[in-house]
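Residues per chain, in single letters:
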Amino acid sequence: MNLKPSFQYQLTDHLKSILFYYIIIICVFSVIICTTFVTVSSNVSFNGLEVATLVFLFVSGLCAFRENFLMLEQNSVSRKVIFYSRILTAVTICLIMAIIDKILLTIFAAVAMSSGDSIVVVSLFDLIYGANGGVVSSVGMQLIGFLFNFCFYITVFAFGYFITVLFYRLNKPGKVAVGVGVPVFLCIVLPILNSTLADGKIGRAYVKFVEFSMGLSAAGPANPAHAITSWLVYAAVFGLFSWLLLRRAVVK
Amino acid sequence: MSIEVKSITKYYGKTCALNDVSVTFDDNKIYGLLGRNGAGKTSLLSIISNRIFAENGTVAIDGMPAQENDAAIGRLYAMGEKTYYPESMRIKDVFKWTKLFYPQFDETYAKSLADQFGLKLNKKVKSLSTGFLTIFKLIVALSVNTPYLLLDEPVLGLDANNRDLFYRLLLEKYSNNPFTVIISTHLIEEVANLIEDVVIIKEGRIICSQAREKLLSDSYSVSGKIVDVDVYTAGKELLGCEVMAGFKTAYIMGQADYDNADGLEIAKVDLQKLFIQLTNI
């Protein structure tokens, strides 16, 4: 079975871009630090690292299919093994990036603290679940925050992969229908329906769904475990759909 | 030890590319898979190599089902007309990765072939011309050392010198360590002396699958005046005719009947002529 070389190949394919991504992140943070010291400005907030990683992983997921699929098919790897190795690659990359993000945030927070109150570094998890920026939360919360990031990353990566496999399988009219139809439906049709026929019910249902998924509640304390479970379920659903599309994908 | 194709049917929309195709490729033979454009050669090779799926039928490689079976498809290497290697990858990196997927890949031999063909290992796949893309894929194919090698249009864009070099290298490799090669090509004259068995595919059906020598010895041409040729060919298995300025050449399957060939010229048929007659019917 070609699982090991397939995994190795797909992982290597991502490593260079991950390296460039973190170089850019470190440069951006350095620029912020330098600018803050030079201009003696206050209340600069650095809280977009995980969001940037999510965008990066989504794009990576989008770019991860066609070239790899053809290369692996050329080397007599079955679709089953391509899929298994893709899961292994996704888990490994998301784990590595979640760890690096945690380390970077800790370093950035330490640097920010040494600069006084002028820079505030806040993680996405802390922003959503209430820990104050710059304040180190408990070890348990750190661990949950790490798990939250990791599962969120996996979901977004799986979503990007699902979209790219879907577009690979679709014919030209299908690509246009999905590529144009879905955004038009979500951004134009649904809001119009929501404000005219549904009297805001669709919007309220969506907010409830997001709150439920993220474990947020106006009545009680937020529950990040709920969000972790939701991400895992969504990742599994995207993975399942990706597999259903991949198992009959042909070389073209 | 063989590739067994059983009752394969493949449709593209409403077009039937392969219609109930059954054929066996035995081990340690060089096959010529011949057919006109759109006959179904590439579809057949793609189904064998698990790149596309058939609607019906099965493929077995050394007794193992080929579809989605890594053990089975790992026993073959398919070189297609299209290039499936990443465009930004360097040739030397392709060799490195191929070695991981095919542990029996001979990197030293591949480098020596690259040297013979004048292929620079530092070049990226996207920077190669059509001819050098073919050379690059041929080098991988010749070095991969799998029991089955599927070559779809292996000399596309190659000049005469490089085609000659490739045929010599293939024969040399085959002589040293026999393996099964299936060559799909339109340059029949060039491979005529290379191939041992001929598989001719026409409009998605196998119309001939036998040893080249047997096929050629079972066919002949007869030329002469139209009337004489018509008398001679009556009741014989006629493949086709060519008429020119009152003279006719008929291509016939079977053994020549010299007793009734007065005033006629009987000759052997070459593979290309025979192919044209068989696929023109």
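Since this is a predicted model, take the numbers as computed values, not measurements.

Draft legend 1. Looking closely at the overall build of chain B. Helices and strands together make up the secondary structure of chain B, namely 10 helices and 14 strands. Overall, chain B is about 65 × 40 × 35 Å in size when its C-alpha atoms are taken along their principal axes. Buried residues in chain B amount to 53% of all 281 residues. Surface accessibility of chain B: about 12800 Å² in total, with carbon and sulfur atoms responsible for 48%. Within chain B, one finds 31 positive and 35 negative side-chain charges whose respective centroids are separated by 9 Å.

Draft legend 2. Focus on the overall build of chain A. Of the regular secondary structure elements, chain A holds nine helices and two strands. Listed by position from the N terminus, the elements making up chain A come as α-β-α-α-α-β-α-α-α-α-α. Dimensions of chain A, computed from C-alpha atoms along their principal axes, come out at roughly 60 × 50 × 35 Å. Across the 252 residues in chain A, those meeting the buried criterion constitute 41%. The contacts in chain A between residues at least 6 apart in sequence include a share of 79% that link residues at least 24 apart. Taken as a whole, chain A presents about 12900 Å² of accessible surface, with 75% of it coming from carbon and sulfur.

Draft legend 3. The interface of chain A and chain B, seen in detail. Each side of the interface is counted separately: chain A has 26 residues, and chain B has 23 residues. For the pairing of chain A and chain B, the buried interface totals around 2300 Å² over both sides, and the portion due to carbon and sulfur atoms is 56%. Taken together, the connections running from chain A to chain B amount to one salt bridge. For B:Glu68, the salt bridge goes to A:Arg79, with nearest N and O atoms at 2.9 Å. Where chain A packs against chain B, one counts 13 residue pairs in polar contact (both at pLDDT 80 or more). Within the residue set of the side of chain A that touches chain B, elements represented by two or more residues are helix H1 (3-39), helix H3 (66-74) and helix H4 (79-114) of chain A. At six residues, the largest contribution of residues to the side of chain A that touches chain B is made by H3(A).

Draft legend 4. Fine view of the nonpolar core. The biggest cluster of nonpolar side chains holds 84 residues, and the ones touching the most others in it are A:Phe69, A:Leu246, B:Tyr77, B:Phe136, B:Ile139, B:Phe166 and B:Leu271. A total of eight residues in this core trace back to one element, the largest contributor, which is helix H5 (residues 130-143) of chain B. With near-sequence residues (within four places) excluded, B:Tyr77 lies in contact with A:Gln74, B:Tyr85, B:Tyr102, B:Val140, B:Ala141, B:Val144, B:Thr146, B:Tyr148, B:Leu149 and B:Leu150.

Draft legend 5. Quick peek at unusual backbone geometry. One non-glycine residue with positive phi stands out, namely A:Asp199, at about 55°. Within the secondary structure, A:Asp199 sits in the loop between helix H7 (172-196) and helix H8 (201-214). With a relative accessible area of 59%, A:Asp199 lands in the exposed category. Even without being a glycine, B:Glu68 presents a positive backbone phi close to 55°. If you trace the backbone, B:Glu68 turns up in the loop between strand S5 (64-65) and helix H2 (70-73). The class for B:Glu68 is buried, based on a relative accessible area of 16%.

Draft legend 6. Molecular detail of the sheet that holds strand S1 (residues 2-12) of chain B. The strand order S2-S1-S4-S5 (chain B) describes an open sheet built from four strands, whose pairing is antiparallel. Each of the sheet's edge strands pairs with one partner strand only, and the pair in question is strand S2 (15-26) and S5 of chain B.

What counts, and where the lines are drawn
Residues numbered from 1 in each chain as written. Chains lettered and ligands numbered in written order. Predicted model: local features only at pLDDT ≥ 70, side-chain atom pairs only at ≥ 80, totals over all residues. Heavy atoms only, no water. Helix = DSSP H or I, 4+ residues; strand = E, 2+ residues; numbered from the N terminus. Buried < 20%, exposed > 50% of the residue type's maximum accessible area, 1.4 Å probe, protein only. Areas by Shrake-Rupley, 256 points an atom, 1.4 Å probe, with all protein chains shown as cover. Lys, Arg positive; Asp, Glu negative; His and termini not counted. Charge placed at Lys NZ, Arg CZ, Asp CG, Glu CD. Contact = heavy atoms within 4.5 Å. Buried area = accessible area lost by both parts, 1.4 Å probe. Salt bridge = Lys/Arg side-chain N within 4 Å of Asp/Glu carboxyl O. Polar contact = N/O pair within 3.5 Å; in protein donor to acceptor, adjacent residues only side chain to side chain. Core = buried A, V, L, I, M, F, W, Y, C linked by side-chain atoms within 4.5 Å. Pairing = 2+ DSSP bridges.

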